[in-house]
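One-letter residues, chain by chain:
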Amino acid sequence: MREYVVPFLLGAAMGVLSGWGVGGGTLLTVCLTLFFDMEHRQAQAVNLLFFLPTAALSLWFHRKNGLIDRETWVQTSVPGTIAALLCAPLALAVDASFLRKPFGIFLLVSAVLMLGSARKK
């Protein structure tokens, strides 16, 4: 039973954090690699599958509340989709150990930037 409850609760918590814009997907990748001994690439794949329904739901609520700037959305969604389609096969070709350090650096830089912006407010 525990093997289903803990991942379910983790997924629910990450979904709530994603809805708040905290970066639950990034946290999910970290949790899967640290607590469930999942390989980094596999954790990223799970993260992408997790991201689709939570992003769609968040987008629906943000649109409903008038929080989506249509021009910005159009300008960023097309290049972002193309980049994702082109880079996904590249990510699969790269050794997973090569991805760990840049991902860790990304997390550290993100944390520093978030703390800096929180202090300015």
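Residues numbered from 1 in each chain as written. Predicted model: local features only at pLDDT ≥ 70, side-chain atom pairs only at ≥ 80, totals over all residues. Heavy atoms only, no water.

Asker: Got a minute to help me understand the overall build of the protein chain in this structure?
Answerer: What the protein chain contains, in helices and strands, is 5 helices and 0 strands. Each helix (α) and strand (β) of the protein chain, taken in turn from the N terminus, gives the series α-α-α-α-α. Sorting the 121 residues of the protein chain into buried and exposed places 14% on the buried side. Partitioning the contacts of the protein chain with sequence separation of at least 6, the portion at a separation of at least 24 is 51%. (Helix = DSSP H or I, 4+ residues; strand = E, 2+ residues; numbered from the N terminus. Buried < 20%, exposed > 50% of the residue type's maximum accessible area, 1.4 Å probe, protein only. Contact = heavy atoms within 4.5 Å.)

Asker: So what exactly am I meant to see when it comes to helix 3 (residues 40-64) here?
Answerer: Helical geometry note: an α-helix holds 3.6 residues per turn, so side chains three or four residues apart project in the same direction. Taking 1.5 Å per residue, 25 residues should reach 36 Å; helix 3 reaches 35 Å between its end C-alpha atoms and fits that length. Its axis deflected by about 30 degrees at phenylalanine 51, helix 3 carries its strongest bend there, up to four residues before the proline proline 53. Within the span of helix 3, buried status applies to His40, Ala43, Asn47, Phe50, Thr54 and Ser58. The N-capping residue of helix 3, defined by a side-chain oxygen 3.1 Å from the backbone nitrogen of arginine 41, is glutamate 39. Once helix 3 ends, the next one or two residues include glycine 66, with phi positive near 70 degrees. (Expected span 1.5 Å × (residues − 1). Bend = angle between axes of the 7 residues up to and from the residue. Polar contact = N/O pair within 3.5 Å; in protein donor to acceptor, adjacent residues only side chain to side chain.)

Asker: Teacher, can you tell me more about the packing of aromatic side chains here?
Answerer: Each aromatic ring pair is summarised here by two numbers: the centre-to-centre distance and the angle between the ring planes. On inspection of all chains with the given rule, the structure shows 1 aromatic pair. Ring centres 4.8 Å apart and planes at 75 degrees place the aromatic pair tryptophan 60 and phenylalanine 61 in the edge-to-face group. (Phe/Tyr/Trp six-rings, centres within 6.5 Å; stacked < 30°, edge-to-face > 60°.)

Asker: Whenever I open this one, unusual backbone geometry confuses me. Can you help?
Answerer: A negative phi angle characterises most non-glycine residues, just as the trans form characterises most peptide bonds. In the Ramachandran plot, aspartate 37 falls in the positive-phi region, its phi being about 50 degrees despite a non-glycine side chain. Looking at where aspartate 37 falls in the secondary structure, it is placed in the loop between helix 2 (24-35) and helix 3. A relative accessible area of 71% places aspartate 37 in the exposed class.

Asker: In this structure, what is going on with the side chain of threonine 29? I would like to understand it.
Answerer: Looking at the secondary structure, you find threonine 29 in helix 2. Ignoring anything within four residues of it in the chain, the contact list for threonine 29 reads His40, Ala43, Gln44, Asn47 and Phe103.

Asker: Quick question: what am I supposed to make of the nonpolar core here?
Answerer: Here is a general trend for soluble globular proteins: nonpolar side chains tend to be buried in one another's company. Among the nonpolar cores identified, the biggest contains 7 residues, and these are Leu10, Met14, Leu28, Cys31, Leu32, Ala43 and Phe50. Counting residues per element, the ones that place at least two in this core are helix 1 (2-19), helix 2 and helix 3. It is helix 2 that provides the largest number of residues to this core, a total of 3 residues. (Core = buried A, V, L, I, M, F, W, Y, C linked by side-chain atoms within 4.5 Å.)

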